[in-house]
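# Fold and geometry: a report
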Amino acid sequence: MNQIIRHALFLPFLLMAISIEGYSFEKRDDGIVLKPGNQVETGVRRLIIRAITGDMIRITGFPGEGGSAPASLVVDSSHQWPQTTVTVREQQGTIHMMTKTLTILIDEQTGAITIKNKRDEILFQEGTRKIVPGVILDEPVHHVRQSFQWADDEALYGLGQHQEGVFNWRGHDAELVQYNMRAVVPFLLSSKGYGLLWDNTSYTRFSDTPAGSWLWSEVGDCIDYYFIYGPDPDSVIRNYRRLTGAAPLFPRWAYGYVQSKERYKTQQEILDVAREYRDRRIPMDVIVLDWQYWDNGHWGQKSFNRERFPDPASMMQTLHDQYHTRLMISVWPKMSVRSADYREMAEHEGFLYPDEDSPFYDAFNPDARALYWNQANEGLFSKGIDAWWCDATEPELDGWDFNIDAYKTKMKPAIGSGARYMNAYSLMHARGIYENQRKTTGNKRVVNLTRSAFAGQQRYATITWSGDIVATWDVFRRQIPAGLNFCMSGLPYWTTDIGGFFVHSAEKGKLGQGLWFRNGGFDGGTGDDDYKELYVRWFQYGAFCPVFRSHGTDISREIWRFGEPGHWAYDALLKFDRLRYRLMPYIYSTAWHVTADGYTPMRGLVMDFMQDPHVLDIGDQFMFGPALLISPVTRPKSLFRHVYLPQGAGWINFWTGKKYSGGQTLSVPTPVGEIPVYVRAGSIVPMGPVIQYAAEAADPIELRIYPGADGRFVLYEDENDNYNYEKGACSVIEFGWNDLKRELVIEDRKGEFPGMLAERQIQVVLVRENHGNGADMVRDPDRVIRYEGKRQAVMF
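Residues numbered from 1 in each chain as written. Predicted model: local features only at pLDDT ≥ 70, side-chain atom pairs only at ≥ 80, totals over all residues. Heavy atoms only, no water.

### Notes on the overall build of the protein
To be explicit about the condition: Working definition: helices are DSSP H or I runs of at least four residues, strands are E runs of at least two. Numbering for both runs from the N terminus. Computation of the radius of gyration draws on C-alpha atoms alone. For the globule rule, the value is 2.2 Å times the number of residues to the power 0.38. Each residue gets one of three labels from its accessible area relative to the maximum for its type: buried under 20%, exposed over 50%, partly exposed in between, using a 1.4 Å probe on protein chains only. In this analysis, two residues are considered to be in contact whenever any of their non-hydrogen atoms come within 4.5 Å of each other. Counted as positive: Lys and Arg. Counted as negative: Asp and Glu. His and the chain ends are not counted at all. By convention, the point assigned to a charge is CZ for Arg, NZ for Lys, CD for Glu and CG for Asp.
A tally of regular secondary structure across the protein gives 14 helices and 43 strands. In terms of C-alpha radius of gyration, the protein reaches 27 Å, essentially the compact-globule figure of 28 Å for 796 residues. Its C-alpha atoms give the protein principal-axis dimensions of about 80 × 70 × 50 Å. Of all 796 residues assigned to the protein, the portion counted as buried reaches 63%. Look at the contacts in the protein between residues 6 or more apart in sequence, and 68% of them connect residues 24 or more apart. The positive charge centre, built from 86 side chains, and the negative charge centre, built from 99, are 3 Å apart in the protein.

Put into structure tokens, the structure is as follows:
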């Protein structure tokens, strides 16, 4: 569908006047039902406002007086909500609906909604709503639109991952349809401390211009969205995950370094790379096997070619036992008509979408999902495979053109039309992988790297990466706001192809000019110092992403391809790889916080400093967990970069220990071996020993304390991989720092698990200038504590 036709679909909403004779309402225990007068040009015949909890309000507008909203694919249906009772009264033409936390005001003439907090401050205001009937491919549908009135100083984040370089969506438009390099999540996070979840799986647009601001969807049985209150961003995301599902904990190894490229071609090559990493003592946990491990011409077949992979089970045993390495494997939702998997799928009516060469299976069909898993289990998982890389999950129905009409004509979901469900394919595919692996075993946690996403997908143990991006400095810069907005959409795990997927140019690839997928800027690859600089800076940034992963085509990505020990690029890469592993106790504990408390590990500054207006538009810095402020270097030959230190905290330079007050901008030197990293005063950062893989050793703990404020950190540990943690097989140790008393309190350990260290050494470091700085272990800690699980208080 071309742009003119797309805009024509929602242009009438901007032109039509609204005329309503007033609303009547009916009170229910948990909300109200409103019906307009006879003159209804909005198309909304019934409006239901329901309190899910005191902090979450569902708003649905229907085109008829009867009917109900369709079953949601987004909301976690397994969660049972206790009924929330509301108080309702009328006053001067306004209906007041009150929960313990919120007051919802409904204008009786227009039906427009305003929501206030208990301090009588306006949080949120609707504009007009509109439902218009239409037809798409002979299917009667309704187009739905809801407009909004934002505060002048309000910032908006989320909407998934987009490549336009936008951080704050105010003043911008966004197209919400799945695409390589775009992952759709119809969720907005406001700097005012609330979120909006737009529950619609069809083609959707967001717009914020001087003419108005709205969300519009092409197909909807009703307007259906949730207002989710915080009042702080973490509470908003926590409530969002209560509604849509918690993010399970990945195995510890998933937070280590992931080595990938397009592609390793043989079993022996994979083993050789794993051995080289161990021989060089370079930390690494995962090798990724990209496509074409199957028989030639059998795209999507979920089994190994026997000539190139003669004994997959033996390969996996060697990787696990000898090299302590895991294997992630690429699987596709489409399969060649020449493959055995296709033939098995084709025996079942409706399991495959129509295509003459390589049809996609119907992930909306639970029986098709079960068969897909059986194939993956028999051919791959039973051989010892550890993790999934679910590629092309938009789904990629029309090659790399991603024509919207292809979703409508080629998608044939079992539950409805392609136009209605086009954005939810990735969600349902991830559901099949997660639920069926959980049924198969509880000894291996699900890890699923996927190119697309949708609201609620976090409950299926997914990581999304930013697609087949190209290697340029501009594209690198755009990954930072893309990743932040994705994580601020409620999905905590995101990564990117370090160094860019495409490195070479169109000219070198002999593919012609103007192709979006072949515009890399470095034909010299790893022989080009300019590319090495880009790769090093991207790698330094990647070390502080939720998942740390290198991948791409054109060149090999192993660390030694960029030089040997003593070379500036090799040394810089090794330094940040080791730093990632030294931070493993901090990272894994933060990951538990994600699962247990709905936390977000990669955080726009507004999540921690929403009272500081200067951070609202800073999209090139972020917090990694509660302590670390990261400022990637995103321009070539940079000697300095500006770093803003947010108000409300003191800050310590990670590399030097020098202290700074918040609310100022620094010009920070950026030698190629460093990027600016600042630590929030009052932070407690547990660091581990130098290790080669994530689960190698957990002792001793180097506990770095950054004085200047009180602090707290909870160290989490478990068996590293399996689901016993869901049954309580884990332990937590709480550390508290009283800055005035200069006292560290280590609380009683809570919980236990098989293999837990009964006794451990804690090396306490009070960070100051020239002491406790940088990535290396501190040789002279301020105190060495023998901890046996009982409370200790230590004065400094």
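### Digging into the sheet that holds strand S26 (residues 548–550)
Sheet strands pair via backbone hydrogen bonds, and the direction of the pair is either parallel or antiparallel. Heads up, the rule is: Here, any two strands with at least 2 DSSP bridges between them count as paired. Note on definitions: angles span 0 to 180 degrees between N-to-C directions of axes, and those axes are lines fitted to C-alpha atoms, for helices only across the stretch in contact.
The sheet built from eight strands is open, its strands ordered S25-S24-S23-S21-S20-S19-S18-S26 with parallel pairing. Where the open sheet ends on each side, the last strands, each with one partner, are strand S25 (494–495) and S26. As paired elements, strand S20 (residues 326–331) and strand S21 (residues 387–390) share four bridges and run parallel to each other. Bridged to Met328 within S21 is Ala387. Strands in contact with helix H9 (residues 425–440) are S21, strand S23 (448–450) and strand S24 (462–465); relative to S21, the strand with the most contacts, it is inclined by about 165°.

### Considering the nonpolar core
Rules: Throughout, nonpolar core names a set of buried Ala, Val, Leu, Ile, Met, Phe, Trp, Tyr and Cys residues whose side chains join them through atoms within 4.5 Å.
One finds Ile49, Phe124, Phe227, Trp388, Phe544 and Leu628 to be the most contacted residues of the largest nonpolar core, which totals 257 residues. When residues in this core are grouped by element, the largest group, eight residues, is from helix H13 (residues 568–582).

### Examining the packing of H13 against helix H14 (residues 584–597)
We count it as follows: Working rule for angles: under 35 degrees goes down as roughly parallel, over 145 as roughly antiparallel, 65 to 115 as roughly perpendicular, anything else as oblique. In this classification, the charged set is Asp, Glu, Lys and Arg, the nonpolar set is Ala, Val, Leu, Ile, Met, Phe, Trp, Tyr, Cys and Pro, and all remaining amino acids, among them Gly, are polar.
Taken N-terminus to C-terminus, the directions of H13 and H14 make an angle of 55°; their axes are 5 Å apart at the nearest point. Relative to H14, the element H13 lies oblique. Contacts between H13 and H14 involve Arg580, Tyr581 and Arg582 on the former and, on the latter, Met584, Pro585 and Ile587. Taken together, the residues that form the contact of H13 with H14 break down as four nonpolar, no polar and two charged.

### Considerations on the sheet that holds strand S16 (residues 212–217)
Spatially, the nine strands line up as an open sheet ordered S5-S6-S7-S8-S9-S10-S16-S15-S12, and their pairing is antiparallel. Each having just a single partner strand, strand S5 (87–91) and strand S12 (173–176) make up the two edges of the open sheet. Along the sheet, successive strands turn relative to each other by an average axial angle of 20°, direction set aside. In terms of strand pairing, strand S10 (residues 139–148) meets S16 through five bridges, oriented antiparallel. Of the residues in S16, the one forming a bridge with Ser147 is Trp214.

### A word on the pattern of salt bridges
Note the cut-off: Each salt bridge in this description consists of a side-chain nitrogen of Lys or Arg and a carboxyl oxygen of Asp or Glu lying within 4 Å of one another.
In total, this model carries 49 salt bridges according to the counting rule given. Put simply, Asp398 and Lys410 hold a salt bridge, and the shortest N to O gap is 3.9 Å. Taken together, the residues span a long stretch of sequence, with Asp398 in strand S22 (residues 397–400) and Lys410 in helix H7 (residues 404–410) at a distance of 12 residues. Judged by its relative accessible area of 27%, Asp398 falls in the partly exposed class. Connected through salt bridges with shared partners, the residues Asp391, Glu394, Glu396, Arg451 and Asp468 form a single ionic network.

### Overview of the state of the cysteines
Under the convention used in this document: We call a pair of cysteine sulfur atoms a disulfide when they lie within 2.5 Å.
Evaluated as defined, the whole model comprises zero disulfides. Free cysteine Cys390: the closest other cysteine sulfur is in Cys487, separated by 19 Å. Judged by its relative accessible area of 0%, Cys390 falls in the buried class.

### Remarks on the side chain of Ser339
What counts is decided by this rule: As used in this structure description, the phrase polar contact means that two N or O atoms lie within 3.5 Å; if the pair is within protein, one of them must be able to donate a hydrogen and the other to accept it, and residues adjacent in sequence are counted only when both atoms belong to side chains.
For Ser339, the location among the structural elements is in the loop between S20 and helix H5 (340–346). Owing to a relative accessible area of 0%, Ser339 belongs among the buried residues under this scheme. A polar side-chain atom of Ser339 sits 2.7 Å from the main-chain carbonyl oxygen of Ser336.

### Regarding the packing of aromatic side chains
As a reminder of what qualifies: Working definition: rings of Phe, Tyr and Trp (its six-membered ring) pair if their centres are within 6.5 Å, and the pair is stacked with planes under 30 degrees apart, edge-to-face with planes over 60 apart, and tilted otherwise.
Tallied over the entire structure, the rule returns 60 aromatic pairs. With centroids separated by 6.0 Å and ring planes inclined at 50°, the aromatic side chains of Tyr434 and Tyr460 adopt a geometry described as tilted. Of the two residues, Tyr434 is situated in helix H9 and Tyr460 in the loop between S23 and S24; the sequence distance between them amounts to 26 residues. Considered together, Tyr434 and Tyr460 belong to a single accessibility category, that of buried residues. Clustering of aromatic rings is evident, with ring pairs tying together Tyr257, Tyr277, Phe522, Tyr531, Tyr535, Phe539, Phe548, Trp560 and Phe562.

### Things to note about helix H2 (residues 233–244)
This is how it is decided: Here a helix's expected span is defined as the number of its residues, less one, multiplied by 1.5 Å.
For H2, built from 12 residues, the straight-helix expectation of 16 Å at 1.5 Å per residue is met to within 8% by its first-to-last C-alpha distance of 16 Å. Counting buried positions along H2 gives 10 out of 12 residues, so the element sits mostly inside the fold. Listed as buried for H2 are Pro233, Asp234, Ser235, Val236, Ile237, Asn239, Tyr240, Arg241, Leu243 and Thr244. On its buried side, H2 packs onto strand S4 (56–62), strand S13 (183–190), strand S14 (194–198), strand S17 (223–229), H14 and strand S27 (602–603). Positive backbone phi, at 115°, marks Gly245, one or two positions downstream of H2.

### Concerning unusual backbone geometry
Backbone phi values are negative for most residues with the exception of glycine, while trans is the configuration of most peptide bonds. Look at the link from Glu394 to Pro395: it is a cis peptide, with omega at 5°. Position of Pro395 relative to the elements: it lies in the loop between S21 and S22. For the peptide bond that leads from Asp699 to Pro700, omega is 0°, which places it in the cis range. Along the chain, the position of Pro700 falls in the loop between strand S35 (684–687) and strand S36 (701–705). You will see that Gln292, though not glycine, has its phi angle at about 70°, which is positive. If you trace the backbone, Gln292 turns up in the loop between strand S19 (286–289) and helix H4 (312–321).

### A word on the packing of helix H6 (residues 366–379) against H9
Helix-helix packing is described using two parameters, namely the angle between the two axes and the distance between the axes. Rules: Take the far helix as your reference; a near helix turned counterclockwise from it by less than a right angle gives a left-handed crossing, and one turned clockwise gives a right-handed crossing.
One can describe the packing of H6 onto H9 by two numbers: an axis separation of 9 Å at closest approach and a directional angle of 60°. Judged by the inter-axis angle, H6 sits oblique to H9. Judged by the twist between their axes, the crossing of H6 over H9 is right-handed. Judged by residue contacts, Arg369, Ala370, Tyr372, Trp373 and Asn377 of H6 engage Met428, His429, Arg431, Gly432, Ile433, Asn436, Gln437 and Thr440 from H9. Residues that form the contact of H6 with H9 fall into these classes: five nonpolar, six polar and two charged.

### Description of helix H10 (residues 473–487)
The periodicity of an α-helix, 3.6 residues per turn, causes residues three or four positions apart to be oriented the same way. With 15 residues, H10 should cover 21 Å at 1.5 Å per step; its first-to-last C-alpha distance of 22 Å lies within 8% of that length. Along H10, 12 of the 15 residues are buried, which leaves the element largely enclosed by surrounding structure. Of all the residues in H10, the buried ones are Trp473, Val475, Phe476, Gln479, Ile480, Pro481, Ala482, Gly483, Leu484, Asn485, Phe486 and Cys487.

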